[in-house]
Each structure stands twice: as C-alpha cells, then as structure tokens.
Amino acid sequence: MLKLYHHGSSVCAAKVRMFLDEKEIEWEGVYIDILKGDQFQANYLKINPKAVVPTLVHNEAVIRESTVICEYIENVFPEPFIRPQNPIECAEVMYWTKGVDEDLHPACAALTFMASHRHTINRLGKEGVKEFLESTPPFSVSPDWHEQKKIYVREAFKAPDAAKKVKLYDDYISKMENALSGNDWLVGKHFSLADIAMVPYIVRLDMLKMSEMWEGGRRPNVKHWFDKVKIRPSYQSALLKWVPNELKQDLNRNGAESWPDVAKILEIRV
C-alpha cells in the first residue's frame, strides 16, 4: 500500500493525488495541516527535512518531491502509461515539469501567501505566527524561503519581488497558450504529466478568483484545456475533494480582494 502525506492546500500534493487517480492506484492518506504547522512536527521532519508535502512511503522506502514521486510511481506501476512512449515527447514533458519545479512553484507559493495564506496564518495569533514562520527550515520551497515567507506575510503585494512573481506566473500561462495551439494537450495528443503538473497551479488561480488571467478571450486555448480537465474524474477526486470548505472560502474571499493588485501588475482592466 502507498502512504501519501499530503494537504488540501498543497499544489504539489494535488499533483501526486491526480497522478495516482489517473493511474487508478489505491493509496492511504495521512493529512498534514501545513497551515497549522503539522509539517514541523519532529516525526514528520524525520521523513521530510524540508517540512513540505507531499511525501510518499512505499514498502518502507521514503520518496520526496512531487515530480520524483510521480516518476517513481510510473516506474513501479507502468500501466496505464502516463509517460509518453515517444522519447521526444517524453523530453517535452520533462521541460514542463522542470520549469514547474524550478520557477512556477516558488511563484505560486509567493502569490498564495501574498493573496491569502497570510490571513489564515495570522489567525494563529502573534506568538503562533512567529513560531510558524521561524519553524520553516533554512531550505524549503526555495533556498531563501525561510525569510521570503516572512516578507510575503508582512508586506503582501508590497514585497520587493511581488510583481516579478506575478508576471512569472502569468508567463507560464502564456507558454501554455502557445503550447496548446493545435494540440489537444500540453504535449501532443495525450494527457500526460505535463498537464498534471500544471493543473494544480491553474486550479489555485481559479480558487483565488483570478481566472481572468486566461478567461475573457485572454488565453482561449488555456480556457478550453481547463474545461477539458474539469470533466476528468480525477479533477474532483484528487483536487476539489481535498480542499476543506474553510480553506476554499479563504482562498475565494482573500483572492478576490487581492485580484485588483494582481490585475494592476498585469495591466488587466478590472
């Protein structure tokens, strides 16, 4: 049995859940509430020193990092295939997953904290917030995440690199628009890890009420792609199912209030 440590707010955990569901693999979940600090507990730090989710445990083997977990699952449980059999398409998928891990994920973390999570964390009270922020390991989401998270919680969209992070996020949606021109999915005609890697990041924007980044004729290919994603069974079972109502309400409300700041950076008329 596969045991997955995960949380409803984690885009990386959502990626692995969707991959597992698309592969039709049963798994056991251990819910780690990363907004309350469960990831900083000693027992969890033993298996994930970065204090992030997801973490997969399979036959006592501990596998970390969402893309690595998906590749591991594909190697151990190859059918049904999600990895393209064409080597060139396989390389194209890896370009997407590499970009997501190195660029898009840190940008998503920044935007999420600036727009919403800072409000959720502030409910912990002054001492609780201090403890939460200081508990972040020196190297986590990124090498500077320990200090950057403090800045995003404190300054929101006034943070020095706020505009850069928002524009980087938007650039990836533009890349999707171009890749989907003439293609059913991000890499060729088959739903792959490239699509699964991007789905949680589009869902995050959707929950933050920032879908105007692709709707209203701005990126029609992305809108069509997302419409197709939403009718896949794994969209409900792997993504929407795991977002607690309170968290969804926070993302909806706080994101909507933050949208004017994002729209201003992107020069989108509201």
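Attention here is on the structure that accompanies the text. On a predicted model such as this, the values are computed, not experimentally measured, just so you know.

1. Looking at the layout of surface pockets
Size it by volume and the second largest pocket reaches roughly 260 Å³. Residue contributions to the lining of the second largest pocket peak at three residues, all from helix α11 (residues 245–266). A per-class count over the lining of the second largest pocket returns five nonpolar, two polar and five charged.

2. Re the packing of helix α7 (residues 162–179) against α11
The relative placement of two packed helices is expressed as an angle between their axes plus a distance between the axes. Relative orientation of the contacting elements α7 and α11 amounts to 75 degrees, with a least axis distance of 10 Å. Here α7 is positioned roughly perpendicular relative to α11, judged by the angle of their axes. For the pair formed by α7 and α11, the contact residues are Ala 163, Val 166, Lys 167 and Asp 170 on the first element and Val 262, Ile 265 and Leu 266 on the second.

3. Examining the state of the cysteines
Per the stated rule, a full pass over the model turns up zero disulfides. Not part of a disulfide, Cys 12 finds its nearest cysteine sulfur in Cys 108, a span of 8.3 Å. Judged by relative accessible area, which is 11%, Cys 12 ranks as buried. The thiol of Cys 90 is not disulfide-bonded; the next cysteine sulfur, from Cys 70, is found 13 Å away.

4. Side note on the pairing of strand β4 (residues 61–64)
With four bridges joining them, strand β3 (residues 55–58) and β4 adopt antiparallel strand pairing. Considered in β4, the bridge of Thr 55 is made with Arg 64. Counting the residues between successive antiparallel strands, the hairpin from β3 to β4 contains two residues, one of them, Asn 59, with a positive phi of roughly 50 degrees.

5. Examining the sheet that holds β4
Here four strands make up an open sheet; going across it, the order is β2-β1-β3-β4 and the pairing mixed. Each having just a single partner strand, β2 (27–31) and β4 make up the two edges of the open sheet. Each adjacent strand pair in this sheet contributes to an overall mean axis angle of 20 degrees, direction not counted. Looking at chain direction, strand β1 (residues 2–6) and β2 are connected through five bridges and run parallel. Directly across from Lys 3, in β2, lies its bridge partner Glu 28. Against the sheet, helix α1 (residues 11–23) touches β1 and β2, its axis set at about 150 degrees to β1.

6. Details of the packing of aromatic side chains
Across all of its chains, the model carries seven aromatic pairs by this definition. Look at Tyr 5 and Tyr 44: their rings are 5.7 Å apart centre to centre, the planes differ by 50 degrees, and that puts the pair in the tilted class. One end of the pair, Tyr 5, is in strand β1; the other, Tyr 44, is in helix α2 (residues 42–47), and 39 residues separate them in sequence. Judged on exposure class, the residue Tyr 5 and its partner Tyr 44 are both buried. Relative to Phe 226, the ring of Trp 225 has its centre 6.4 Å away and its plane inclined at 25 degrees; by these criteria the two rings are stacked. Phe 226 carries the same exposure label as Trp 225, and that label is buried. Ring pairing ties together the aromatic residues Trp 214, Trp 225, Phe 226 and Tyr 235, which thus form one cluster.

Calculation criteria
Residues numbered from 1 in each chain as written. Predicted model: local features only at pLDDT ≥ 70, side-chain atom pairs only at ≥ 80, totals over all residues. Heavy atoms only, no water. 1 Å grid on protein atoms, 1.4 Å probe; cavity = no way out; pocket = protein on both sides within 12 Å on 5 of 7 lines; lining within 4 Å. Points joined across faces, edges and corners; volume = space filled by probe spheres on them. Helix = DSSP H or I, 4+ residues; strand = E, 2+ residues; numbered from the N terminus. Nonpolar A, V, L, I, M, F, W, Y, C, P; charged D, E, K, R; others polar. Axes fitted to C-alpha atoms, helices over the stretch in contact; angles between N-to-C directions. Parallel < 35°, antiparallel > 145°, perpendicular 65-115°, else oblique. Contact = heavy atoms within 4.5 Å. Disulfide = S-S within 2.5 Å. Buried < 20%, exposed > 50% of the residue type's maximum accessible area, 1.4 Å probe, protein only. Pairing = 2+ DSSP bridges. Phe/Tyr/Trp six-rings, centres within 6.5 Å; stacked < 30°, edge-to-face > 60°.

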